[in-house]
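Structural features, examined
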Amino acid sequence: MNHIFGWSIAFLIFATLLNVAMANGEGRDQAITRLLVPTLFGISLLVFWEGLVRGLNVPGVILPAPTAIWERFLASTSILRQDFIQTFVKGALSGYVMGAAAAFVVALLVDRSDFLRRGLLPVGNFMAALPIIGVAPILVMWFGFDWQSKAAVVVVMVFFPILVNTVEGLRATDRMQRDLMHTYAASYWQSLLKLRLPAAMPFIFNGLKVATTLALIGAIVAEFFGSPIRGMGFRISTEVGRLSLDMVWAEILVAAIAGSAFYGFVAVIERHVTFWHPSQRRGR
Amino acid sequence: MTSELRPDAAPARHPTPAGSRMLPILRSVVPVFVVLAAIAALWYTALVPMNIRESLTQAERAGAVVDPPNAIERRDANAIGLVLKNPAYIADTLRQDRPRLPGPDQVWRELWATTGAMVLEGKGLSKRSLLYHAWVTLSATVLGFAIGTVGGIALAVGIVHSRVMNMAIMPWAIASQTIPILAIAPMIIVVLNSIGVTGLLPKALISAYLCFFPVTVGMVKGLRSPDAMQLDLLHTYGASRAQTFWKLRWPSSMPYFFTSMKIGMAAALVGAIVGEMPTGAVRGLGARLLAGSYYGQTVQIWSALFAAALLAAVLVGIIGALQTVTLKRMGMSQ
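No experiment lies behind these values; they were computed from the predicted model shown.

**Observations regarding the overall build of chain A**
In terms of helices and strands, chain A carries 11 helices and 0 strands. Put simply, chain A runs from its N terminus to its C terminus through helices and strands in the order α-α-α-α-α-α-α-α-α-α-α. Compactness check: chain A gives a C-alpha radius of gyration of 24 Å against a globular reference of 19 Å for 284 residues, more than 25% above the reference. If you line up chain A on its principal axes, its C-alpha atoms span 80 × 60 × 30 Å. Per-residue burial over chain A gives 46% buried out of 284 residues. Summarising the internal contacts of chain A: among those between residues at least 6 apart in sequence, 73% fall at separations of at least 24. Summed over its atoms, the accessible surface of chain A is roughly 14300 Å², and 68% of this surface lies on carbon and sulfur atoms.

Encoded structure:
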């Protein structure tokens, strides 16, 4: 066995032992330990990966080392930036906003009629479980290769989860609360804006958070069916064909950062909007 | 009758056994059928303007006079205006070979021609049959789902029982759900191909990876769902960790188990379909989608899409039925 590989295994074992000591030690409930343990675990995995690739001379066309991926990431920031704008800003983000707005409006309409709700909810639930990503080739055929077709795929993908969650959320008030609004002689709009929408917010944000990941997946996979010569999905599929896997991994790194930042952004808004909800309480 | 269709209506005064069983079913089925009928109506309405240009072009080539006569003018014209000017060709839009939007009846005929009709001819598993492609996708999905679910449960058991695993792995498992994992599917396929792993396994691994983390997160929640009182009770009985697990944690995690299996199954199917694309559209429903999009065979794309939807519905439906039966026998259903 190669000594580089050996050292990386030694580091992994050492980090794990340190983690065990920290997790069972005195300060295990402190914030710093909660941050340190997963970070150390992540770092030790990266070190092990690096040692595995270097020590055993794994060829770059099978698994590039983390340092090689990072170098490629730094060297091709302009391409990555261009792909990010094409796929994330133009495709995923615009589709997400349109799909969320459409789902919200349809949910408000559906909510007014009990008959529609009982008809649309099962259909919407069914659609939310389907492999909707399959409409990508059809929408690429209809809307062309550029970002419009990607946005259309994203609209279809995020529509049903947000619709179902919003309709569920608008039912979340109990009879007592609605009766109270009734005794205040509140109109439909007053009780919607002051009672039912705020009460629905935890559900709506649940849908919005699920949809962030779906939006990015939709925009990337739709590019496998045809795209201009930029975009994250295009880059991934062509660079895989050229076996330059470090570029693929750099693109995946961008997707991972974009995905968690997008999710985090929606989660921060949720914390400010639904500060009153039990799930947002901090500390015990 | 109408008052009984309302959810808050009082029950019928003399409910016969059959009637009391029928009415709730009607109440939930009728609206669904109305919505489905509305979707079909919308579909046919959208189909006419979407296909009108192609039908006019074909009619012109066959020698008919259409308005406007010039193909370039037609390209720039409004599709609805074209329909209004050439009402005689509306029927033609339903009978295109390669329509921009095929009608539900065309999709259904294609589905029947590639499944039932081929079975009747005794060629049910030939490479041109959709059943064959659905079977390829199904086998990868189920294998991947099995690997991912077993792995996810194992990790969840570890996380619930070991503090260090909980602290080190759980944040990563949650964070990984926000990452578009599906993007790595082409790379996994090609890399595994280059080290000699081909066929079912690479696709199944993508499926497994996709359903792994949702199952882990759901099962951690489920295994932690017994409250402190119940855990304390088992503690006073002097129950070992294994006994606590089998007699309390595992049974009370069942609702979460089935919910995460449903999510995992849907994710596994998506993984298998996307995993079939980079290999150059050989077999499977994903390959049918890609081949259809390469050759402009829209009816084929739609029929593959419907087959995938049907597969998802059946798979998730089976888990749902298992859930109902199991939870009922355990006395946990509402």
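Still more to cover.
**Description of the interface of chain B and chain A**
The interface of chain B with chain A comprises 53 residues on the first partner and 51 residues on the second. Summing the contributions of chain B and of chain A, the shared interface buries around 4300 Å²; its carbon and sulfur component is 83%. Contact with chain A buries surface across chain B, with M167, T178 and M187 of chain B losing the most and accounting together for 15% of the total. Applying the counting rule to chain B against chain A returns 0 salt bridges. Linking chain B with chain A are 3 residue pairs in polar contact (both at pLDDT 80 or more). Looking at which element gives the most residues to the side of chain B that touches chain A, the answer is helix α2 (residues 17-61) of chain B, with 10 residues. Of the residues contributing to the side of chain B that touches chain A, the split by class is 42 nonpolar, 8 polar and 3 charged.

**Structural notes on the domain arrangement of chain A**
According to the domain assignment, chain A contains domain 1 (3-58) and domain 2 (73-280). The distance between the C-alpha centroids of domain 1 of chain A and domain 2 of chain A comes to 36 Å.

**Some remarks on the nonpolar core**
With 130 residues, the main nonpolar core has Y96 and L208 of chain A together with M187 and V274 of chain B as its most contacted residues. Top contributing element to this core by residue count: helix α9 (residues 188-222) of chain A, with 15 residues. Residues within four places of M187 of chain B in sequence aside, it is in contact with V240, L245, V248, W249 and I252 of chain A. Listed in part, the 9 residues of the second largest apolar core include I52, A59, L82 and Y89 of chain B.

**Observations concerning the pattern of salt bridges**
Opposite charge on two side chains lets them pair, provided their charged atoms get close. Residues and elements named next belong to chain A. The final tally for this structure, using the stated rule, is 10 salt bridges over all chains. In this structure, the salt-bridge partner of R54 is E50, at a minimum N-O distance of 2.5 Å. Pair noted here: R54 and E50 are both in helix α2 (residues 31-55), with a separation of 4 residues, about one helical turn. Here E50 falls in the buried class, since its relative accessible area comes to 14%. D111 is the partner of R196 in a salt bridge, and the nearest nitrogen-oxygen pair spans 2.5 Å. Here R196 is found in helix α9, whereas its partner D111 is found in helix α4 (residues 77-112), with 85 residues between them in sequence. Both residues of the pair, R196 and D111, belong to the buried class.

**Remarks on the packing of helix α1 (residues 3-24) of chain A against α2 of chain A**
Residue and element names in this part refer to chain A. Where α1 contacts α2, the two axes come as close as 8 Å, and the packing angle between them is 170°. Regarding the angle of α1 to α2, the classification is roughly antiparallel. The two elements α1 and α2 meet at a crossing, and its hand is left-handed. Of the residues in the contact of α1 with α2, the class split is 17 nonpolar, 6 polar and 1 charged.

Here is what the cut-offs are and how they apply
- Residues numbered from 1 in each chain as written.
- Chains lettered and ligands numbered in written order.
- Predicted model: local features only at pLDDT ≥ 70, side-chain atom pairs only at ≥ 80, totals over all residues.
- Heavy atoms only, no water.
- Helix = DSSP H or I, 4+ residues; strand = E, 2+ residues; numbered from the N terminus.
- Rg over C-alpha atoms; globule rule 2.2 N^0.38 Å.
- Buried < 20%, exposed > 50% of the residue type's maximum accessible area, 1.4 Å probe, protein only.
- Contact = heavy atoms within 4.5 Å.
- Areas by Shrake-Rupley, 256 points an atom, 1.4 Å probe, with all protein chains shown as cover.
- Buried area = accessible area lost by both parts, 1.4 Å probe.
- Salt bridge = Lys/Arg side-chain N within 4 Å of Asp/Glu carboxyl O.
- Polar contact = N/O pair within 3.5 Å; in protein donor to acceptor, adjacent residues only side chain to side chain.
- Nonpolar A, V, L, I, M, F, W, Y, C, P; charged D, E, K, R; others polar.
- Domains from an automatic or database assignment.
- Core = buried A, V, L, I, M, F, W, Y, C linked by side-chain atoms within 4.5 Å.
- Axes fitted to C-alpha atoms, helices over the stretch in contact; angles between N-to-C directions.
- Parallel < 35°, antiparallel > 145°, perpendicular 65-115°, else oblique.
- Left-handed = near helix turned anticlockwise from the far one by under 90°.

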